[in-house]
Amino acid sequence: MNEVRIGLIGAGRIGKLHGDNLTRFVTGARVEALAEIRLQDEQRAWAEKNGIKKIHGDPVEIWKDPDIDAVFICSSTDTHADFIIQAARAGKHIFCEKPIHTDVQKIKEALEEVKKAGVKLQVGFVRRFDHNHRKVHDTVASGKLGSPHVIKITSRDPEGPPLSYIAVSGGIFMDMTIHDFDMARYLSCSEVTEVSAYGTVLIDQEYKKYEDADTVAVMLKFENGALGIIDNSRASHYGYDQRTEVHCAKGCVQAANDLNDTSMISTMDGVICEKPTWFFLERYNNAFIAEAQDFVNSVLQDSTTPVNGEDGLMAVYIAQAANRSLKENRPVKLSEVM
């Protein structure tokens, strides 16, 4: 095989992002088909512009297409596990956006089908492929700073998602902090053992209708003895705030925000620099390209995917522990939800 023929499931914002990247920047990939259950004229026009010849309103058409080797599942969270199962049974390799599902049993069923089918599965934890966060991870993993002591992660969106998204996302720990839970495992090079979560509604009272929070802080304990701190906000208003830090026995490694530009104006009145890039499309597009390229390479070279189903499952375990901690106002050991 010298080319991976891909079926794209979903043509919303993230689906189009992956479709554009696969078409323009990822070598060894070709988007063969699109399936979008709520197909609109604009989405059809986008697909045609990108040279996608097969356009369907039902993913079943992709499962049964012998010309498709792999799928990118970019539909809503509640469909992910079922689509993984169907794709695996059809013998397709699978890239799936996070999270796999909000229900652990559904995730386990999906992973079992993947295992039985012998296909590859990669979960879309894109921040692992970012140049800044990868440098932090590589520094910690090298051991040159000694054992990690404190992992700090700040992740604040510039503005909140539509409430229609909140209704099916599983809440802030599942749709937003899930990235940070994976990042905590990645940066610490260890597993989480205990979670203490705090959350409130300070930005938009509408979140209360969905029993969700828009501002949260999470404390983590790790197997290696380190501690973790995560803070999230649905709306920073100044850009996409993405900072990480690991304090170790012999020093500290930090990653600052990517800025719109690095110019700095200094006068007697003060120093002015640019804001962070606005959102994930600007901040992480190179990382999205890198993760897609790694998935395609894994299929072409028959190698292990860099972020597998177990990584997806562990992040959901941590999110479930955070939800329980918030509701019960107590620390929750990960063993309680596994």
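Below you will find a few notes about this structure. (Residues numbered from 1 in each chain as written. Predicted model: local features only at pLDDT ≥ 70, side-chain atom pairs only at ≥ 80, totals over all residues. Heavy atoms only, no water.)

Tallied over the entire structure, the rule returns one cavity of 30 Å³ or more. Each pocket or cavity is described by its volume, and for the largest cavity that value is around 40 Å³. Taken together, R127, H133, I153, T154, S155, D180, M183, Q242, R243, T244 and Y284 make up the full set of residues lining the largest cavity. Of all the secondary-structure elements, those providing two or more residues to the lining of the largest cavity are β7 (148-156), α9 (177-188) and β11 (241-248). (1 Å grid on protein atoms, 1.4 Å probe; cavity = no way out; pocket = protein on both sides within 12 Å on 5 of 7 lines; lining within 4 Å. Points joined across faces, edges and corners; volume = space filled by probe spheres on them. Helix = DSSP H or I, 4+ residues; strand = E, 2+ residues; numbered from the N terminus.)

Looking now at the pairing of strand β5 (residues 93-97). Counting buried positions along β5 yields five of five residues, so the element is predominantly enclosed. A two-sided burial pattern is seen for β5, the buried positions comprising H93, F95 and E97 on one face and I94 and C96 on the other. The pairing of strand β4 (residues 70-73) with β5 spans four bridges and is classified as parallel. By the bridge assignment, I73 is partnered in β5 with C96. Viewed along the sheet, the connection from β4 through helix α4 (residues 80-89) into β5 turns out right-handed. One ladder, built from four bridges, connects β5 with strand β6 (residues 121-124); its direction is parallel. (Buried < 20%, exposed > 50% of the residue type's maximum accessible area, 1.4 Å probe, protein only. Pairing = 2+ DSSP bridges. Right-handed = clockwise from strand over helix to strand, strands pointing away.)

Moving on, we come to the layout of surface pockets. Within this model, the largest pocket holds a volume of roughly 1,300 Å³. Taken together, 45 residues make up the lining of the largest pocket; nearest its centre are R13, I14, S75, S76 and Y165. Listed by contribution, the elements that provide at least two residues to the lining of the largest pocket are α1 (13-24), α4 and α7 (163-169). With four residues, the top contributor of residues to the lining of the largest pocket is α7. Here the residues of the lining of the largest pocket are counted per class, giving 19 nonpolar, 14 polar and twelve charged. (Nonpolar A, V, L, I, M, F, W, Y, C, P; charged D, E, K, R; others polar.)

For the coordinates displayed, the defined rule picks out 33 salt bridges. Between K116 and E113 there is a salt bridge, with its nearest N and O atoms 3.4 Å apart. With a gap of three residues between them, K116 and E113 both fall in helix α5 (residues 104-117), about one helical turn apart. Residue class for E113 comes out buried when judged on its relative accessible area of 13%. (Salt bridge = Lys/Arg side-chain N within 4 Å of Asp/Glu carboxyl O.)

Structurally, N286 can be placed in helix α11 (residues 285-301). With 162 residues separating them in the primary sequence, N286 and G124 have C-alpha atoms 14 Å apart.

As a further point, take the sheet that holds strand β10 (residues 227-233). Reading across from one edge, β12-β11-β7-β10-β9-β8-β15 is the order of the seven strands in this open sheet, with mixed pairing throughout. Either end of the sheet is taken by a strand with one partner, and the two such strands are β12 (251-255) and β15 (332-333). Sitting on the sheet, α9 is in contact with β7, β9 (215-222), β10 and β11, with an inclination near 155° to β7. Contacts between helix α12 (residues 309-328) and the sheet are confined to β8 (192-200), β9 and β15, with β8 contributing the most and set at about 50° to the helix. (Contact = heavy atoms within 4.5 Å. Axes fitted to C-alpha atoms, helices over the stretch in contact; angles between N-to-C directions.)

With that settled, the discussion passes to the side chain of S155. Inspection of the secondary structure puts S155 in strand β7. If sequence neighbours within four positions are ignored, S155 has contacts with R127, M176, D180, D231, N232, S233, D241 and Q242.

For α5, spanning 14 residues, the distance from its first C-alpha to its last is 20 Å, which sits close to the expected 20 Å at 1.5 Å a residue. For α5, every residue scored as buried is listed here: V104, I107, A110, L111, E113 and V114. On the buried face of α5, the contacting elements are α4, β5, β6 and α12. Trailing α5 by a residue or two, G118 shows a phi angle of about 70°, which is positive. (Expected span 1.5 Å × (residues − 1).)

Glancing now at unusual backbone geometry. Cis geometry is found at the peptide bond from K98 to P99, where omega equals -20°. As for its placement among the helices and strands, P99 is situated in the loop between β5 and α5. At E211, a position not held by glycine, the phi torsion is positive, near 55°.

Two elements in contact, α5 and α12, have axes whose closest approach is 10 Å; the angle formed by their N-to-C orientations is 175°. On the basis of the axis angle, α5 is roughly antiparallel to α12. Counted together, V104, I107, K108 and L111 of α5 and G309, E310, L313, V316, Y317 and Q320 of α12 form the full contact between these two elements. In terms of residue class, the contact of α5 with α12 is built from six nonpolar, two polar and two charged. (Parallel < 35°, antiparallel > 145°, perpendicular 65-115°, else oblique.)

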